[in-house]
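The chain contents come next:
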Amino acid sequence: MDTSDPNIIFDGAGRCDYCVNFDEVMQPAWNADKANSVKLDKVTDEIRTAGKGKDFDCIIGLSGGLDSSYVAHIVTKVMKLRPLLVHVDAGWNTDQAVGNIEKLVDGLGADLYTDVVDWGEMKDLQLAFFKAQIPDQDLPQDASFFSGLYKFARKYGVKHIVTGANHQTECCREPEEWGGYPGIDKLLFQDIMKKFGRKKLNNLQLIDIMRYKLYYRYILGMKVYKPLDLIKYTKAEAETTLAKEYGWKPFQHKHHESRFTRFYEDYWLPKKFGYEKRRAHFSSLIMTGEMTRDAALKRISAPELDGHFLKEEFDYVASKLGITSKELQDIFDGPNKTYREYKNKRWMIKLGADAMQAMGLEKRLFR
């Protein structure tokens with residue numbers, strides 16, 4: 001991590017506050033020891049008991065990427081539960097992601113429900129975000145994924161949701177300046193759509209972060225579980241296991257299961273804004289011992305993907321969004337902005353984040 005995170009702090013020994021937080025807060029509270037094994041057994045029993053007499057015990061949002069794929073494996077093969085795999089198709093799946101999903105469904109013998117997002121509305125929403133000139137270009141996709149999953153859960157009365165979120169590969173949270181806006185803020189979406197959108201989101205109904213953090217969890221009683229934090233989870237071993245048991249294929253880098261996210265993180269964000277999310281991704285692996293700092297610095301010294309490929313992806317993204325490459329280039333060349341220039345309720349989200357940290361429910365640095 002470097003000063004492209006404007007709030008980073010280095011101590012006298014040259015350690016940044018991400019490393020200090022990991023050493024002093026996260027690591028002491030998180031390890032795959034006997035205590036976590038007991039917690040995993042408790043979670044398993046809780047989910048299994050609630051699932052008695054039902055077609056499945058819980059649901060898992062499956063993208064075809066590493067974390068969601070591996071948690072599906074753990075839930076089915078280790079915890080011996082009956083998950084329903086839910087995939088929200090926002091229109092940007094890579095062929096590799098689709099292949100991985102098919103292999104997992106077949107290998108696990110699990111059922112798959114696919115929610116296909118209204119592409120007309122999704123396209124208009126993504127184009128509006130581009131025109132808003134903010135770095136948070138993956139918010140429309142993330143919003144469609146979470147909203148689709150939670151809407152499904154409420155519709156069918158499912159109260160147990162399992163996620164692949166984990167500290168092992170995500171202990172260094174991306175700062176919000178890098179496009180890491182913390183959640184689905186409907187006020188922000190509505191203001192951007194009012195200024196730049198052409199359609200109304202009739203089918204793509206977004207669930208606000210405060211709604212699913214409060215109403216869905218505490219009123220409807222939905223619970224979210226993160227089993228990967230209760231086992232010994234390493235990226236390399238998980239990739240090997242999935243490849244051996246299902247023929248699953250690893251991606252070159254995190255989030256490459258989505259063609260849009262790959263383009264956004266590898267081209268748009270670093271070239272337009274100067275933010276490199278690989279810094280946070282690699283820092284997580286360094287802190288948890290899966291990558292050396294020297295290896296990370298060497299890899300980050302060059303683009304993840306070559307220029308010719310990215311130019312083709314630029315043209316592809318423009319075409320899929322219904323504009324010309326020149327129109328997308330004009331947006332790219334426009335003035336950079338932040339979410340602060342639009343209506344939002346970030347202050348309210350911050351209150352919730354501060355409360356979670358105070359209660360020990362969120363141990364990562366959140367800013």
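Residues numbered from 1 in each chain as written. Predicted model: local features only at pLDDT ≥ 70, side-chain atom pairs only at ≥ 80, totals over all residues. Heavy atoms only, no water.

Trainee: So what about helix α9 (residues 235-246)? Which residues, and what values?
Mentor: The end-to-end C-alpha separation of α9 is 16 Å, in line with the 16 Å expected for 12 residues at 1.5 Å each. Burial in α9 covers these residues: Ala238, Glu239, Leu242 and Tyr246. What you see down the axis of α9 is that its buried residues fit within an arc of 100°, all on one side. Facing away from the buried side of α9, by more than 90 degrees, are the exposed residues Thr240 and Lys244. Of the surrounding elements, those touching the buried residues of α9 are α3 (66-78) and α4 (95-108). (Helix = DSSP H or I, 4+ residues; strand = E, 2+ residues; numbered from the N terminus. Expected span 1.5 Å × (residues − 1). Buried < 20%, exposed > 50% of the residue type's maximum accessible area, 1.4 Å probe, protein only. Arc of directions from axis to C-beta. Contact = heavy atoms within 4.5 Å.)

Trainee: Quick rundown of the state of the cysteines? Include the residues and the values.
Mentor: Here the structure, examined in full by the defined rule, presents zero disulfides. Free of any disulfide, Cys171 has its nearest neighbouring cysteine sulfur in Cys172, separated by 6.7 Å. (Disulfide = S-S within 2.5 Å.)

Trainee: Which residues make up helix α1 (residues 17-29), and what values do they have?
Mentor: In this model α1 runs 17 Å from its N-terminal to its C-terminal C-alpha over 13 residues, within 8% of the 18 Å that 1.5 Å per residue would give. Largest kink in α1: about 35°, centred on Asp23. By the burial criterion, the buried members of α1 are Asp17, Tyr18, Asn21, Phe22 and Met26. Looking at the packing, one finds that the buried side of α1 touches α11 (278-287). (Bend = angle between axes of the 7 residues up to and from the residue.)

Trainee: Hey, could you go over a nonpolar patch on the surface for me, with residue numbers and the actual values?
Mentor: Taken together, the side chains of Leu214, Tyr218 and Ile219 present a nonpolar region at the surface, about 370 Å² in accessible area. Owing to a relative accessible area of 43%, Leu214 belongs among the partly exposed residues under this scheme. (Patch = residues over 30% accessible without salt bridge, like charges linked within 9 Å, V, L, I, M, F, W, Y side chains within 5 Å. Areas by Shrake-Rupley, 256 points an atom, 1.4 Å probe, with all protein chains shown as cover. Salt bridge = Lys/Arg side-chain N within 4 Å of Asp/Glu carboxyl O.)

Trainee: Could you give me a rundown of the nonpolar core, with the residues and numbers involved?
Mentor: One finds Ile59, Phe189 and Ile192 to be the most contacted residues of the largest nonpolar core, which totals 37 residues. Where this core is concerned, the elements lending two or more residues are β2 (83-89), α5 (119-132), α6 (139-155), α7 (186-196) and α8 (209-219). A per-element tally of this core places α6 first, with six residues. Once residues within four sequence positions are removed from consideration, Phe189 is found in contact with Leu125, Phe129, Leu139, Pro140, Ala143, Ile184 and Leu206. (Core = buried A, V, L, I, M, F, W, Y, C linked by side-chain atoms within 4.5 Å.)

Trainee: Lay out unusual backbone geometry with the relevant residues and their values.
Mentor: Both trends apply: most residues other than glycine have a negative phi, and most peptide bonds are in trans. Look at Lys80: it is not a glycine, yet its phi comes out positive at around 60°. Assignment of secondary structure puts Lys80 in the loop between α3 and β2. Here Lys80 falls in the exposed class, since its relative accessible area comes to 57%. We note that Gln133 has phi near 65°; this positive angle belongs to a residue other than glycine. You can see Gln133 is positioned in the loop between α5 and α6.

Remember, this is a structural readout, not a statement about activity or role.
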